[in-house]
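The chain contents come next:
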Amino acid sequence: MRSLRGRDLISIDDLTSEELRFIIETGLDLKRRFYAGERVIPVLRGKTLLMIFQKPSTRTRISFEQAMLQLGGFVISLGWKEMQLGRGETIADTARVLSRYVDGVVARVYKHEDLLELAKYATIPVINALSDKEHPCQVIGDMMTILEKKGRLGGLTLAFVGDGSDNVLHSILLAAAKLGVNVRIGTAEGYDPDPQILRSAEEQAKASGATIEIFRDPKEAVKGADVVYTDVWVSMGQEAEREKRIRDLSKFRVTPEVMGVAKSDAIFMHCLPAHRGMEVTDEVIDGPHSVVWDQAENRLHIQKAILSLLL
Ligand code: CP
Ligand code: NVA
């Protein structure tokens, strides 16, 4: 396996399936060590991570900051508008300057292309903390959670119900294809995944033996699933389409009835923040199948894995 050191993580497709598995195993190992009392493993002592946010964040920001501290490093977190970026300094010039100061950049942006631009001109690792296209760190953590709960990944079936063009789903599609997890999407007409992502996932699924299917009925998608996953119907940046999205996706809510057609030991996942009563009901997210709090916790452990390997 090629070393991960110095590499960017913009898309799940920046990783081979072997590298993806290795990050997940490292995350599980760091979690075990954390609970065994090794709260700080100072492999990044003397290193600084810069975090740039164009949109709000609770989990990503706090888990990355805490991850860096638990690895012995230091963090600077800034909003896009607090930097000269907000006044029009180019991404390329910013990237060149940052590379002289810090050891890595984590950025949450509206446009995925902006991350690619940052990565093109930075000589330090650039990590995607969510863009309009993907949310790779979320999904690597999610695969760790599924492995932890189910004891395996290959051969499992994940049903995603809701917005089929969601950034988190895009990363799920790519990761699942690499890891041999079948994906069944329940979404409305006009909300299918990005064709380029779908093509890449389908191509890789052939090699891993996984399948990808799209349904227009939530229960059809969830039937017999091991994992039921949803995300918001209105992602950050899509506020202007709010009413239309709610109307179009109203059938794709995860209710106890929908959950009822999954396997009896199925787990419910949501990247959070949840819009309770919209894409998922309280009974499901607070119910016995839900693993959302463990899922949120694993962001911390997987990001320690990502940072320690890339930086
Ligand atoms: N799941 C996730 O990325 O949450 P935040 O928006 O709070 O970071
Ligand atoms: N799809 C959501 C994920 C939030 C973590 C959004 O982009 O707003």
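Our subject is the structure that appears above.
The residue numbers shown here count from 1 along each chain, following its written sequence. As they are written, the chains are lettered A onward and the ligands numbered 1 onward, keeping that order. Per-residue local features of the predicted model are confined to residues with pLDDT of at least 70, and side-chain atom pairs are confined, for both listing and counting, to 80 or more; whole-chain, interface and lining totals are unaffected and use all residues. Side-chain descriptors were evaluated using all non-hydrogen atoms of the structure, hydrogens and water having been removed beforehand.

Q: Quick question: what am I supposed to make of the overall build of the protein here?
A: A count of helices and strands for the protein gives 12 helices and 9 strands. For the C-alpha atoms alone, the extent of the protein along its principal axes is close to 55 × 45 × 35 Å. Remark: exposure states derive from per-residue accessible area (1.4 Å probe, protein chains only) relative to the maximum for the residue type, with buried under 20%, exposed over 50%, and partly exposed in between. Taken across its 311 residues, the protein has 57% of its residues classed as buried. For this analysis, residues touch if any pair of their heavy atoms sits within 4.5 Å. Restricting the contact set of the protein to residue pairs at least 6 apart, pairs at least 24 apart contribute 76%. Computed with the Shrake-Rupley method and a 1.4 Å probe, the accessible areas treat only the protein chains shown as cover for residues. Accessible surface, the protein as shown: approximately 13,100 Å² in total, 50% of it carbon and sulfur. Only four residue types enter the charge count, namely Lys and Arg as positive and Asp and Glu as negative; His and the chain termini do not. For charged residues, the charge sits on one atom: NZ in Lys, CZ in Arg, CG in Asp, CD in Glu. When the 41 positive and 44 negative side-chain charges of the protein are each reduced to one mean point, those points stand 3 Å apart. Put simply, DSSP marks the helices as runs of H or I at least four residues long and the strands as runs of E at least two long, and each gets a number from the N terminus on.

Q: Just checking my understanding: could you explain the side chain of T157 for this structure?
A: Along the chain, T157 falls in strand 5 (residues 157-161). Within polar-contact distance, the side chain of T157 engages the side chain of N182 at 3.3 Å. For this analysis, a polar contact is any N or O atom pair within 3.5 Å, provided that within protein one partner can donate a hydrogen and the other can accept it, and provided that sequence-adjacent residues contribute only side-chain to side-chain pairs.

Q: Honestly, the sheet that holds strand 1 (residues 48-53) in this entry has me stumped. Any pointers?
A: Whenever strands of a sheet pair, they do so through backbone hydrogen bonds, lying parallel or antiparallel. We call two strands paired when DSSP finds no fewer than two bridges between them. Taken together, the 4 strands give an open sheet; going across it, the order is 2-1-3-4, and neighbouring strands pair in parallel fashion. Edge positions in the open sheet fall to strand 2 (74-79) and strand 4 (126-128), since each of these has one partner strand only. On average, each strand axis in the sheet is inclined to that of its neighbour by 20 degrees, with strand direction left out of account. Each of strand 3 (104-108) and strand 4 touches helix 4 (residues 112-121); the most contacted strand, strand 4, lies at about 165 degrees to it. Interaxial angle, 0 to 180 degrees, is taken between N-to-C directions of lines fitted to C-alpha atoms, where a helix line uses only the stretch in contact.

Q: What's the story with the site of ligand 2 in this structure? I'm lost.
A: Proximity is defined per residue: any heavy atom of the residue falling within 4 Å of a molecule or strand makes that residue near it. If you check the shell around ligand 2, you find L130, D166, N167, D231, V232, S235, M236 and L272 and nothing else. N167 places a side-chain nitrogen or oxygen 2.8 Å from a nitrogen atom of ligand 2. In the environment of ligand 2, an oxygen atom lies 2.8 Å from a nitrogen or oxygen atom belonging to the backbone of M236. Protein chains bury 94% of the 270 Å² of accessible surface belonging to ligand 2 in isolation. Definitions used throughout: a 1 Å grid over protein atoms alone; a cavity as a set of points that fits a 1.4 Å probe which cannot get out; a pocket as an open set with protein on both sides within 12 Å along at least five of seven lines; a lining residue as one with an atom within 4 Å of a point. What decides whether a molecule sits in a cavity or pocket is whether more than half of its atoms lie within 2 Å of the grid points. When atoms are counted within 2 Å of each cavity's grid points, the one that captures over half of ligand 2 is the largest pocket. Classifying every residue of the shell around ligand 2 gives 4 nonpolar, 2 polar and 2 charged. Any residue that is not Ala, Val, Leu, Ile, Met, Phe, Trp, Tyr, Cys, Pro, Asp, Glu, Lys or Arg is counted as polar, Gly included; the first ten are nonpolar and the last four charged.

Q: What should I look at first to understand the site of ligand 1 in this one?
A: Taken together, S57, T58, R59, T60, R108, H135, Q138, C271, L272 and R299 are the residues near ligand 1. Backbone polar atom of T58 to an oxygen atom of ligand 1: 2.7 Å apart, as the coordinates give it. In this structure, H135 approaches ligand 1 through a side-chain N or O atom, which is 2.8 Å from an oxygen atom. For ligand 1, the accessible surface in isolation is 260 Å², of which the surrounding protein chains cover 95%. Spatially, ligand 1 is embedded in the largest pocket. Looking at the shell around ligand 1 residue by residue, the class counts come to 2 nonpolar, 5 polar and 3 charged.

Q: So what exactly am I meant to see when it comes to the side chain of K133 here?
A: With respect to the element layout, K133 can be found in the loop between strand 4 and helix 5 (136-150). Any Lys or Arg side-chain nitrogen found within 4 Å of a carboxyl oxygen on Asp or Glu counts as a salt bridge. The charged side chain of K133 is buried without a salt bridge, its nearest counter-charge being D194 at 4.7 Å. Setting aside anything within four residues of it in sequence, one finds K133 in contact with H112, N167, H170, D194, Q196 and I197.

Q: Would you mind showing me how to read the nonpolar core here?
A: Note on soluble globular proteins: their nonpolar side chains tend to be buried together. Residues enter a nonpolar core if they are buried and are Ala, Val, Leu, Ile, Met, Phe, Trp, Tyr or Cys, with the set joined through side-chain atoms within 4.5 Å. Among the nonpolar cores identified, the biggest contains 65 residues, and I24, I140, I172 and L307 are the most heavily contacted of them. Top contributing element to this core by residue count: helix 6 (residues 167-179), with 9 residues. Among all residues touching I24, those that are not within four sequence positions of it are I140, M143, M144, L147, L153, L179 and I302. Counting residues in hydrophobic clusters, the runner-up holds 23 residues, among them A188, V228, A266 and I285.

Q: Just checking my understanding: could you explain the pattern of salt bridges for this structure?
A: Once their charged atoms are close, side chains differing in charge can pair, the charge on each being opposite to the other. Enumeration according to the criterion identifies 22 salt bridges in this entry. For E19, the salt bridge is made with R7, and the minimal N-O distance between the two is 2.8 Å. You can see E19 sitting in helix 1 (residues 17-35) and its partner R7 sitting in the segment before helix 1, a full 12 residues away along the chain. By the burial criterion, E19 is buried, and R7 matches it. The shortest N-O distance in the salt bridge between D192 and R216 comes to 3.0 Å. Of this pair, D192 sits in the loop between strand 6 (182-186) and helix 7 (195-208) while R216 sits in the loop between strand 7 (212-215) and helix 8 (218-222); the two residues are 24 residues apart in sequence, bridging distant segments of the chain.

Q: In this structure, what is going on with the sheet that holds strand 6? I would like to understand it.
A: With parallel pairing, 5 strands are arranged side by side in an open sheet as 7-6-5-8-9. Looking at strand neighbours, the two that pair on one side only are strand 7 and strand 9 (267-270), the edges of this open sheet. Averaged over all pairs of adjacent strands, the angle between their axes in this sheet comes to 20 degrees, without regard to strand direction. Bridge count for strand 6 against strand 7 is 4 bridges, and the pairing is parallel. In the sheet register, R184 faces strand 7, and the bridge partner there is E213. The sheet contacts of helix 6 involve strand 5, strand 6, strand 7 and strand 8 (227-230), and relative to strand 6 the element is tilted by about 155 degrees.

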